[in-house]
Amino acid sequence: MSHEEFPTDRPAVVTCGLPYANGDLHIGHLRTYVGGDVYTRALRKLGQETAFVSGSDMHGTPVAVNAEEAGVSPEEFALEWHETYEETFPKFGVEFDNYGHTHDETNVETTKEIVRTLDENGHVYEKEIMVAYDPAEDQSLPDRYVEGTCPYCGATARGDECDEGCGRHLEPGEIEDPRSTITGNPAEYREQTHKFFRVSAFQDYLSEFLDRLEGTANARNQPREWIEGELRDWCITRDMDWGIDYPDGEEPRSSENTESGDGSDLVLYVWVDAPIEYVSSTKQYTERVGADVFDWEGAWKDDGDIVHVIGRDIIQHHTVFWPAMLRGADYGEPRAVMASGFITLNGKGFSTSRNRAVWADEYLDEGFDPDLLRYYLATNGGFQQDVDFSWERFRERVNNELVGTVGNFAYRSLLFAYREFGGTPDADLSSEVRDRIEDAIDDFTAAVNDYSVRDAGDAAVSLAAFGNEYIQQNEPWNLVDEDPERAAQVLRDCVQVAKAVSVLFAPVAPGTCERLWSQVGGDGSVHDVTVEAALSPPAAEFDEPDELYEKIPEERVEELNAKLAERVEAADDGAADDGAADDGAADDGAAPDLEPLEPDRIGFEEFQDLDMRVGEILDAEGIEGADKLARLVVDIGVEERQIVAGIKQLHDLDSLPGTRVIVLANLEQAELFGVESNGMVLAAGDEAALLTTVGDAVPGERVR
Ligand SMILES: [Zn+2]
């Protein structure tokens, strides 16, 4: 079954993945929000009734852990970040109809209601499981409180997610060699009773759901692998204080083997109440504007078109758990999931702890128009592709496309029309130009139905490029005296193209297009009109236009790069004195807590069992779908090896070929993200500094 094309006569809801309320936003974080905002505005341009909602994720162990470090309560900690996000998004033109948070009353109530319904419908059961526990601290270790080895791929993993290896969601008790992330103590497993959501009962439903699901290819294809095998039930409670209490009167008790607790601490797993915030936030929007303006219940329970815009690390939550939860609680299902690719900075991962980032505030403080960044983030690659940000590339795209194409066309056309005619010349739109604008509208409409924010932006920029060629070829400045009628015709066409660009480019560049719209004498706001306005006659009179975009000089790029380099250096020198929030384990580089030495000695024979060779990297490329993994081809003299290494974000892969490395050649083979790994490249520390040789060892020589 395929869905009816947009625009439909049903209400649509576009949601953005909730940001964890635990740290400053950098421009990498903004990619999803800008994407969601562009997509929402584009839907509305087609006349689609749409609500755009999100909220801050207040719960879960990332917030609890960081609050503990900061010495404040999780609520206080998360609320402060929530307020920061609420202020920051609109500064980038990201305008949610409602932006709530998961700890507000609406979400607490909605969550309890949904979980109660799941329970009543027979989708929840109790089970005794083994959970990680810190005996020294007398504390349970849910999710990020525990670290260990992934049972599927052997990578270091967090309690609920193999974030550096295979990317799987991990259930409590699955992680091997568990240790506490707070104290570093080895953890024990103890028995405790928890609630489980019967995801396995939804296997057939999910398989059909995925056939219907629209959106980016990664979000539609990746979940197949997860649901083809045995689908496991999902533990939906956690033994901690911070979160939403399990809704029924009867609290799950801990088992008799455990002294841990009295059971009163069991809260819902953060991934239960987080997506429910999408519903709660829509509900709050309805409460504010009235159900006659937007009916949240109709949208979520009957036949709404729900589009989730997320980062690709949470595809599984949105294509397996969430639709099963919605189904089990008698709600409708998502129509589409758009999952964005990863974003890097100058070829390497963003690192909040090393200050290796372009911060959202910093971008604005530099005086750049938010539309420039929106354009870059929305169109520098397909939504699901990885995108690299560099100031150099930013400058290039601003100068060539925004200034050179869009701005240049609009300014020269409108200025000339203003000077010669005081506005739009009195002539009919030529059929050639009408056809071209209609084509642009068709491209734009197709892009929306294809969930491509890049193509939606390109439709407008290509139209502006056409306008530039058109004015250049027809040279109205030479026609004014010789053939004024023809000059009027050409400029009439050009003003129409400028107006069409303001309409079609408005989702990507809302601020500058609003200016362009008023420059062509448009009534009201460009954000209130639909694509039909691209062909409605422009005003007979308008004022002298000004330029929409400014060129970025080369010196600015040097200056910005120098600032970034200085900051990273200062962060490295200053070690860990900032205590700032961290968005991942791998970027926690500055002052590592050194592991104690192994107490047991090994014999020389055991060392000799390790066949370590000098190698030379021949080729390095990222593995599609894996945030951290790279596929290396390494020459180890005797043969070439394909080796998977978790270094994608930490090194500029293009610069690796030619690098000498040390390879553990007789490590057993493994498969990571479907790619065979034959050996291990040795590296040290959280930044994966590669081991190499000083001197002329050649590939294949043995390490002794
Ligand atoms: Zn794994």
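Please read these numbers as outputs of a predicted model, since none were measured by experiment. (Residues numbered from 1 in each chain as written. Predicted model: local features only at pLDDT ≥ 70, side-chain atom pairs only at ≥ 80, totals over all residues. Heavy atoms only, no water.)

Q: Please give an account of the coordination of the zinc ion that cites residues and values.
A: On the protein side, the zinc ion has Cys 150 (SG), Cys 153 (SG), Cys 162 (SG) and Cys 166 (SG) as donor atoms, found 2.3 to 2.4 Å from it. Metal-centred angles of 100 to 115 degrees between the 4 donor atoms at the zinc ion mark the site as tetrahedral. (Donors = N, O, S within 2.8 Å, 3.2 Å for Na, K, Ca; no water. Tetrahedral: all angles 85-135°; square planar, octahedral: opposite > 155°, others 65-115°.)

Q: Give me the sheet that holds strand β3 (residues 98-101): which residues, what numbers.
A: The strands that make up a sheet pair up through hydrogen bonds in the backbone, lying either parallel or antiparallel. The sheet built from 6 strands is open, its strands ordered β3-β2-β1-β14-β15-β10 with parallel pairing. What marks the edges here is a single partner per strand, and that holds for β3 and β10 (214-215). (Pairing = 2+ DSSP bridges. Helix = DSSP H or I, 4+ residues; strand = E, 2+ residues; numbered from the N terminus.)

Q: Could you give me a rundown of the pairing of strand β1 (residues 12-16), with the residues and numbers involved?
A: Along β1, 5 of the 5 residues are buried, which leaves the element largely enclosed by surrounding structure. In this structure, β1 lies alongside strand β14 (residues 305-311), joined through 5 bridges in parallel fashion. Paired with Val 14 across the strands is Val 307, a residue of β14. As paired elements, β1 and strand β2 (residues 50-56) share 4 bridges and run parallel to each other. Within the sheet, the bridge partner assigned to Thr 15 lies in β2 and is Val 53. After leaving β1, the chain enters helix α1 (residues 27-45) and then returns to the sheet as β2, a path that is right-handed. (Buried < 20%, exposed > 50% of the residue type's maximum accessible area, 1.4 Å probe, protein only. Right-handed = clockwise from strand over helix to strand, strands pointing away.)

Q: Tell me about the nonpolar core, and please be specific about residues and values.
A: Grouped together as the largest cluster of nonpolar side chains are 136 residues, with contacts concentrated most on Tyr 39, Phe 394 and Phe 505. Here this core gets 12 residues from one element, more than from any other, and that element is helix α16 (residues 484-505). If sequence neighbours within four positions are ignored, Phe 505 has contacts with Tyr 375, Leu 402, Val 406, Gly 457, Ala 460, Val 461, Cys 513 and Tyr 549. Ile 236, Ile 276, Ile 310 and Met 325 belong to the second largest nonpolar core, which has 51 residues in total. (Core = buried A, V, L, I, M, F, W, Y, C linked by side-chain atoms within 4.5 Å. Contact = heavy atoms within 4.5 Å.)

Q: I'd like a rundown of the packing of α16 against helix α17 (residues 510-519), residues and numbers included.
A: Two elements in contact, α16 and α17, have axes separated by 9 Å at closest approach and are oriented at 150 degrees. Considering their axes alone, α16 and α17 lie roughly antiparallel with respect to each other. Where α16 crosses over α17, the handedness of that crossing is left-handed. Residues Ala 498, Lys 499, Val 501, Ser 502, Val 503 and Phe 505 of α16 form the contact with α17, whose own contacting residues are Cys 513, Leu 516 and Trp 517. In the contact of α16 with α17, the residues fall into 7 nonpolar, 1 polar and 1 charged. (Axes fitted to C-alpha atoms, helices over the stretch in contact; angles between N-to-C directions. Parallel < 35°, antiparallel > 145°, perpendicular 65-115°, else oblique. Left-handed = near helix turned anticlockwise from the far one by under 90°. Nonpolar A, V, L, I, M, F, W, Y, C, P; charged D, E, K, R; others polar.)

Q: Describe the environment of Glu 401, with residues and values.
A: By secondary structure assignment, the location of Glu 401 is in helix α12 (residues 391-421). Between the C-alpha atoms of Glu 401 and Ala 464, which are 63 residues apart in sequence, the distance is 9.5 Å. The residues touching Glu 401, leaving out its near neighbours within four places in the chain, are Tyr 375, Glu 396 and Val 406.

Q: Explain the packing of α12 against helix α14 (residues 453-474) to me, using residue names and the numbers behind them.
A: Taken N-terminus to C-terminus, the directions of α12 and α14 make an angle of 50 degrees; their axes are 8 Å apart at the nearest point. Taken as axis vectors, α12 and α14 run oblique relative to one another. Classified by chirality, the crossing of α14 by α12 is left-handed. Contacts between α12 and α14 pair Gly 404, Thr 405, Val 406, Asn 408, Phe 409, Arg 412 and Ser 413 from the former with Val 461, Ala 464, Ala 465, Gly 467, Asn 468, Ile 471 and Gln 472 from the latter.

Q: Tell me what's going on with α1, and back it up with residues and numbers.
A: An α-helical turn contains 3.6 residues, so any two residues separated by three or four positions project in the same direction. In this model, α1 (19 residues) spans 26 Å end to end at C-alpha, consistent with the 27 Å of a helix rising 1.5 Å per residue. At Tyr 33, α1 shows its largest bend, some 25 degrees. (Expected span 1.5 Å × (residues − 1). Bend = angle between axes of the 7 residues up to and from the residue.)

Q: Which residues make up the packing of aromatic side chains, and what values go with them?
A: Counted according to the given criterion, the structure contains 32 aromatic pairs. Ring geometry for Tyr 39 and Tyr 451: centres 5.6 Å apart, planes at 25 degrees, overall stacked. In this pair, Tyr 39 is assigned in helix α1 and Tyr 451 in the loop between α13 (431-449) and α14, connecting sequence segments 412 residues apart. The two residues Tyr 39 and Tyr 451 agree in class, both being buried. Here Phe 389 and Phe 394 contribute two aromatic rings whose centre-to-centre distance is 5.7 Å and whose plane-to-plane angle is 45 degrees, an arrangement assigned as tilted. One exposure class covers both Phe 389 and Phe 394, and it is buried. Taken together, the ring pairs in this structure connect Tyr 33, Phe 52, Trp 81, Tyr 85, Phe 89, Phe 96 and Tyr 99 into an aromatic cluster. Above the face of the Phe 383 ring, Arg 31 is positioned so that its terminal group lies 5.8 Å from the ring centre. Looking at Lys 127, its charged tip hangs above the ring of Phe 196, at a distance of 4.8 Å from the centre. (Phe/Tyr/Trp six-rings, centres within 6.5 Å; stacked < 30°, edge-to-face > 60°. Lys NZ or Arg CZ within 6 Å of the ring centre and 35° of its normal.)

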